Amino acid sequence: MTANTWEHWSSALLAIAIFLALFYILRRVVLGRLKKLSTRTDTLIDDFFYEVLSATRVLLAGAVSLYLAQLFLIMPASLEKATGRIFVALLLLQTGFWVARGLDFWLRHRLSHGEPGEQGAREMTRSLLSFLGRVVMWSLVFLLILDNLGLNVSALIASLGIGGIAVALAVQNILGDLFASLSIAIDKPFVIGDFIVVDDLVGTVEHVGLKTSRLRSLSGEQIVVSNNDLLKSRIRNFKRMQQRRVVFAIGVTYDTPRAKLEAIPLLVRSAVEAQDNTRFDRAHLKGFGAFSLDFEIVYYVNSADFNLYMDIQQGINLQLIDDFKGLAIEFAFPTQTLHVASIPPVSGSLSSAVDRRQLQASAVPGSHREPV
């Protein structure tokens, strides 16, 4: 075999240099034209090609340069064959980058339309589908590269299938979280941005991954929970609350006259209806407490905003304080009245026995102490 001369090497290096220069200039010009065209038109074709071609890496230039160099050099058959395989492997890698960028562009565009309130759900679905698509695509690229390098891919897949049972048993918790993430993406019990309560955990969903989901608690720290544990728990999603049912109670003293007791539900209704975004349901004298006559009030807030609910409840409470003060109705607070029986004195030796039989004291609900 004739050795390569300086003419061969210089020709190979010159071909590589010319190609790299043309590749750089062509890439810059084409991407610049496509970018300008995408800003002037509403079609997606130019945007798609710009996104895909912008993923062109130096791998493509290296692959083509390697192929051009061997055309000017004299190499052994084995080395020439190895060079060809490396060239194909680099092209497969570059194709993988193009497909990954195109898949991401398609998912972004496909999931960009919808209701504004579903943005978190679309973002979560896009993230999971993009990851799964990349896993499948790169697995295929990896197998094609191995086949190009001369390995028996069929035997490799068969061996992986046999050993997959043991691997699945070893990583069953990870696989459980993986399938749980797919269930979350498909069923959407919650999405990014939802405020949820899971057992004793409270927070806003920040991220849904393949194994874990992350919540931002009210106190500021991040809570990381496995997806499998989330689906096993009872999830309360407050973001999807259409209205809030509010139940609260007030108590008045036992000496409140009947006429004023009958007026209290009307006063409560007036206080509730005076607030915006509310719907009054009922107000009743519910029962007899240990130290108060108890009223139960139910109304609805036509919003899921907790701060709005607290503002409304505060307004109702302040108005009730003013109304009760105007009608001289007293709110009850824990008190106790002690009634002491007064026994006339008894002369003689029977006085102590009479005192023991007749002296009695009892404590009943009330607000003061008085002799009987």
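Here, the structure is the one placed above.
Keep in mind that what you see is a predicted model, and the values were worked out from it rather than measured.

A. Representation of the overall build of the protein chain. Scanning the protein chain from terminus to terminus reveals eleven helices and eleven strands. Every one of the 372 residues in the protein chain was classed for burial, and the buried ones make up 31%. Intrachain contacts of the protein chain at a sequence separation of at least 6 include 65% that bridge at least 24 residues. A total accessible area of about 23,800 Å² is found for the protein chain, and carbon and sulfur atoms account for 62% of it.

B. Fine view of the sheet that holds strand β5 (residues 235-237). Pairing within the open sheet is antiparallel, and its five strands lie in the order β4-β3-β2-β1-β5. Across the chains shown, the open sheet's two edge strands, defined by having one partner strand only, are β4 (222-226) and β5. Along the sheet, successive strands turn relative to each other by an average axial angle of 40°, direction set aside.

C. How the structure looks around the pairing of β4. Direction of pairing for strand β3 (residues 212-216) relative to β4: antiparallel, over a ladder of five bridges. Paired with S213 across the bridge in β4 is V225. Counted along the chain from β3 to the antiparallel partner β4, the turn is five residues long, and its residue G220 has a positive phi close to 110°.

D. Representation of the nonpolar core in the model. Grouped together as the largest cluster of nonpolar side chains are 23 residues, with contacts concentrated most on I264, V268 and Y299. Put simply, the parts of the chain that give this core at least two residues each are β6 (244-252), α9 (258-273), β7 (278-288), β8 (293-301) and α10 (306-326). For this core, the leading source of residues is α9, giving six residues. Beyond its immediate stretch of four places on either side in the chain, I264 contacts I250, V252, F295, F324 and I329. If you look at the next biggest cluster of nonpolar residues, it comprises ten residues, including I184, V198, V205 and V225.

E. Summary view of the sheet that holds β8. Taken in spatial order, the three strands of this open sheet run β6-β8-β7, and their pairing is antiparallel. Two strands bound the open sheet, and with one partner strand each, they are β6 and β7. Pairwise comparison of adjacent strand axes, ignoring direction, gives a mean angle of 20° for this sheet. In this sheet, β8 lies alongside β7 in antiparallel orientation, the contact comprising nine bridges.

F. Highlighting unusual backbone geometry. Positioned with a positive phi, N277 is a non-glycine residue whose angle comes to about 60°. Classification of N277 by relative accessible area gives partly exposed; the value is 41%. The phi dihedral of A328 is positive, around 60°, even though this residue is not glycine. Relative to the helices and strands, A328 is located in the loop between α10 and β9 (337-340). Look at A328 and you get exposed, because its relative accessible area is 57%.

Conventions and cut-offs
- Residues numbered from 1 in each chain as written.
- Predicted model: local features only at pLDDT ≥ 70, side-chain atom pairs only at ≥ 80, totals over all residues.
- Heavy atoms only, no water.
- Helix = DSSP H or I, 4+ residues; strand = E, 2+ residues; numbered from the N terminus.
- Buried < 20%, exposed > 50% of the residue type's maximum accessible area, 1.4 Å probe, protein only.
- Contact = heavy atoms within 4.5 Å.
- Areas by Shrake-Rupley, 256 points an atom, 1.4 Å probe, with all protein chains shown as cover.
- Pairing = 2+ DSSP bridges.
- Axes fitted to C-alpha atoms, helices over the stretch in contact; angles between N-to-C directions.
- Core = buried A, V, L, I, M, F, W, Y, C linked by side-chain atoms within 4.5 Å.

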